[in-house]
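Tertiary structure, described
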Amino acid sequence: MAEGTDESAREGAWRFEAMFDDPTSFIGVLTPEGRLRRVNETALSFGDVNAAAVSDELFWETPWWSHDEAQAAGLQRQVGRAADGEFVRFEATNVGAGGERVHLDVSLQPVRDDAGSVVSIIAQGRDVTDRVGAQRALEARQRTIETLHGVASDLEASDSPDAVYERTVTAAEEVLEFERCYVGVLEDGLVVPRVQSSGSTSDDVRAMRPDEGLVGKTLRTGESYLVRDVDDDEDTQPTRETFRSGMSVPFGDSAVFQAVATEPNAFDESDLELAELLLTHASEALARIETEATLRQQNERLEEFASVVAHDLRNPLNVVAGNVELARETGELERLDAATRAIEQMDDLLSKLLSLARAGKVVGEPNPVSLSTVAEAAWFGIDTPNATLAVETDLVLAADESRLRQLLENLLRNSVEHGGSTVSMTVGRLDDRPGFFVADDGPGIPPELRDDALEHGFSTADDGTGFGLAIVSTIAEAHGWTVTVAESEDGGARFEFSGALAA
């Protein structure tokens, strides 16, 4: 019996020694009063402490706890609880000799003798730094997400795209802590910096073509990109030499958000996800503003239609009524010819009103469209044998094909109506920026009238409705293109559509 008891004691001692030498835990043996009797090598190495120097010292006064008086006082109370026979567990922080900080899951296990009295305390600290760090990172991320949802309320209250851009950059700087970031917007065929963070410099960004660098790739694909090191990513060129990492996120249909840093690996997947969340809120705000603007335009157009119907249809209706009445009274049937011409005039006006209303609708999903093919299809519908059309490009655009054809038909018909039956027209690609042009050799549009040429109701012809070019402008705007009226090389009219991206 005694021999078995001794053997069991030896096995218990071996197990304790194996546990005591655990390289992943700090372990010590304390007296009930809290004096350190023994400590393992793992703890000694971490604190660069000599065992003899801490032997018989009060545990809370040893170097492991000297960095935090409040924590040391708390440890003293916990040891008292263990000395009373209670198993105690808590978390604490230790600082090593080299300043390394670890977070510990500390347990104090009372050891009793055969009489049940506490004779020692086993103190064990397990390193849970990674777990605590991950938990804190998760909590910080959740707080950030909640803050971004608050930013969404600010964005929802914004009343202009510029206000949305400004709030987005401010949130990226203050909430996401992106020191250098900006929003670039596609304008007149270039991505132009619209808003920069306060940490950016004037040299950080510049206007870029939409086929350049990561800005262009983001616009074309509508996808986000994380660049850990610009030296390993060809798509980032051109960029400043001081920039080493960054991210690029699409912003609505025609803008890009970018953040950069001067050191590599400054951003990770979590940063990109948070940026995408912010940009989702911001893009929704932009879409709302655009929808509201469209509704206002539609209401204005309805009022305009009502005005046109009330005004422009009154005269031809009077002509119809007068001539029909005279035909009845006099029997002169030729009076009905004048009435018929008035009816045709009304039919033409109503047809153009309907076209303008349809043009105001949102364009369909852009697809690769051959400009030359659509131009030739549009020309086929114009019955003018002596006029000519030359298409001098094989450009493939991202566009709604039916809307693009409608745009070209109106331009070509406008050239014929104002330039005569022998007018020559040209469709080509812009040389200095993305886009295309339509030009003719007709009389052109005087410089002082070009700013008004695309407005509803503008016409240089006495019998014109002023809706043909308005339809052109509406379709271009729906695509996100900018229309400029200029003079062609032959002195005629030239309409330039910039911002029309190649597919």
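A quick note: this is a predicted structure, and the numbers were derived from the prediction, not measured. (Residues numbered from 1 in each chain as written. Predicted model: local features only at pLDDT ≥ 70, side-chain atom pairs only at ≥ 80, totals over all residues. Heavy atoms only, no water.)

**Quick word on helix H12 (residues 401-419)**
With 19 residues, H12 extends 26 Å from end C-alpha to end C-alpha; this agrees with the ideal 27 Å at 1.5 Å per step. Listed in full, the buried residues belonging to H12 are Arg 403, Leu 404, Gln 406, Leu 407, Leu 408, Glu 409, Asn 410, Leu 411, Leu 412, Asn 414, Ser 415 and Val 416. One or two residues past the end of H12 sits Gly 420, with phi positive at roughly 95 degrees. (Helix = DSSP H or I, 4+ residues; strand = E, 2+ residues; numbered from the N terminus. Expected span 1.5 Å × (residues − 1). Buried < 20%, exposed > 50% of the residue type's maximum accessible area, 1.4 Å probe, protein only.)

**Overview of the packing of helix H11 (residues 371-380) against H12**
The contact between H11 and H12 brings their axes to 8 Å, and the two run at 55 degrees. As summarised for this structure, H11 and H12 are arranged oblique, according to the angle between their axes. Seen from above, H11 lies across H12 with right-handed handedness. Of the residues in H12, those touching H11 at Leu 371, Val 374, Ala 375, Ala 377, Ala 378 and Trp 379 are Glu 401, Leu 404, Arg 405, Leu 408, Glu 409, Leu 412 and Val 416. In terms of residue class, the contact of H11 with H12 is built from ten nonpolar, no polar and three charged. (Axes fitted to C-alpha atoms, helices over the stretch in contact; angles between N-to-C directions. Parallel < 35°, antiparallel > 145°, perpendicular 65-115°, else oblique. Left-handed = near helix turned anticlockwise from the far one by under 90°. Contact = heavy atoms within 4.5 Å. Nonpolar A, V, L, I, M, F, W, Y, C, P; charged D, E, K, R; others polar.)

**Concerning the pairing of strand S13 (residues 396-399)**
Side chains Leu 397 and Ala 399 project from S13 onto a buried face, and the interleaved Val 396 and Ala 398 project onto a face without burial. Bridge count between strand S11 (residues 367-370) and S13: four bridges; the pairing is antiparallel. Each residue of the ladder has a partner; that of Val 369, found in S13, is Leu 397. (Pairing = 2+ DSSP bridges.)

**Section: unusual backbone geometry**
Its identity as a non-glycine residue notwithstanding, Asp 188 has a phi of 50 degrees, on the positive side. If you trace the backbone, Asp 188 turns up in the loop between strand S6 (180-187) and strand S7 (190-196).

**Considerations on the sheet that holds strand S8 (residues 225-227)**
The antiparallel open sheet is built from five strands, whose spatial order is S7-S6-S10-S9-S8. The strands lining the two open edges of the sheet, one partner per strand, are S7 and S8. Ignoring strand direction, the axes of neighbouring strands in this sheet form an average angle of 25 degrees. Bridge count between strand S9 (residues 245-251) and strand S10 (residues 255-261): seven bridges; the pairing is antiparallel. From the neighbouring strand, Phe 251 faces S10, where its bridge partner is Ala 255. Packed onto the sheet, helix H7 (residues 213-221) meets S6, S7, S8, S9 and S10 and runs at close to 140 degrees relative to S10.

**Things to note about empty space enclosed by the protein**
One pass over the structure, following the stated rule, counts one cavity of 30 Å³ or more. Of the pockets and cavities examined, the largest cavity occupies roughly 140 Å³. Lining the largest cavity are 15 residues, with Phe 26, Ile 27, Phe 59, Trp 65 and Asn 94 positioned closest to its centre. Elements that contribute at least two residues to the lining of the largest cavity include exactly strand S1 (25-30), strand S2 (36-39), strand S4 (101-112) and strand S5 (118-127). Residue composition of the lining of the largest cavity, by class: eleven nonpolar, four polar and no charged. (1 Å grid on protein atoms, 1.4 Å probe; cavity = no way out; pocket = protein on both sides within 12 Å on 5 of 7 lines; lining within 4 Å. Points joined across faces, edges and corners; volume = space filled by probe spheres on them.)

**Here's the deal with the sheet that holds strand S15 (residues 435-440)**
Pairing within the open sheet is mixed, and its five strands lie in the order S12-S14-S15-S17-S16. The open sheet terminates on both sides in strands that have one partner only, identified here as strand S12 (388-391) and strand S16 (482-487). On average, adjacent strands in this sheet sit at an angle of 15 degrees to one another, irrespective of strand direction. Bridge analysis of S12 against strand S14 (residues 424-429) gives four bridges, and the strand direction is parallel. Across the sheet, the residue bridging to Val 391 is Val 427, located in S14.

**Considering the pattern of salt bridges**
Per the stated rule, a full pass over the model turns up 23 salt bridges. Between Arg 81 and Glu 86 there is a salt bridge, and its shortest N-O distance comes to 2.4 Å. Residue classification places Arg 81 among the partly exposed residues on the basis of a relative accessible area of 35%. Glu 86 sits in the partly exposed class, given a relative accessible area of 34%. Measuring nitrogen to oxygen at the nearest pair gives 2.8 Å for the salt bridge that ties Arg 131 to Glu 91. Of this pair, Arg 131 sits in helix H5 (residues 129-156) while Glu 91 sits in strand S3 (residues 88-95), placing them 40 residues apart in sequence. Note on Arg 131: relative accessible area 45%, which makes it partly exposed. Glu 91 gets classed as partly exposed once you look at its relative accessible area, which sits at 42%. Each of Arg 206, Arg 209, Asp 211 and Glu 212 takes part in salt bridges that share partners, so that together they form one network. (Salt bridge = Lys/Arg side-chain N within 4 Å of Asp/Glu carboxyl O.)

**Some remarks on the environment of Ala 378**
Mapped onto the fold, Ala 378 is located in helix H11. Along the sequence, Ala 378 and Glu 409 sit 31 residues apart, while their C-alpha atoms lie 5.0 Å from each other.

**Digging into a negative patch on the surface**
A cluster of acidic residues, Glu 392, Asp 441, Glu 489 and Asp 490, forms a negative patch at the surface. Its location among the elements puts Glu 489 in the loop between S16 and strand S17 (493-498). The exposure class of Glu 489 is exposed, given its relative accessible area of 84%. (Patch = residues over 30% accessible without salt bridge, like charges linked within 9 Å, V, L, I, M, F, W, Y side chains within 5 Å. Areas by Shrake-Rupley, 256 points an atom, 1.4 Å probe, with all protein chains shown as cover. Lys, Arg positive; Asp, Glu negative; His and termini not counted. Charge placed at Lys NZ, Arg CZ, Asp CG, Glu CD.)

**As for the nonpolar core**
Counting 38 residues, the largest nonpolar core has Leu 404, Leu 408, Phe 436, Trp 481 and Phe 497 as its most contacted members. Counting only elements with at least two residues in this core, the list comes to H11, S13, H12, S14, S15, helix H13 (468-479), S16 and S17. A total of six residues in this core trace back to one element, the largest contributor, which is H12. (Core = buried A, V, L, I, M, F, W, Y, C linked by side-chain atoms within 4.5 Å.)

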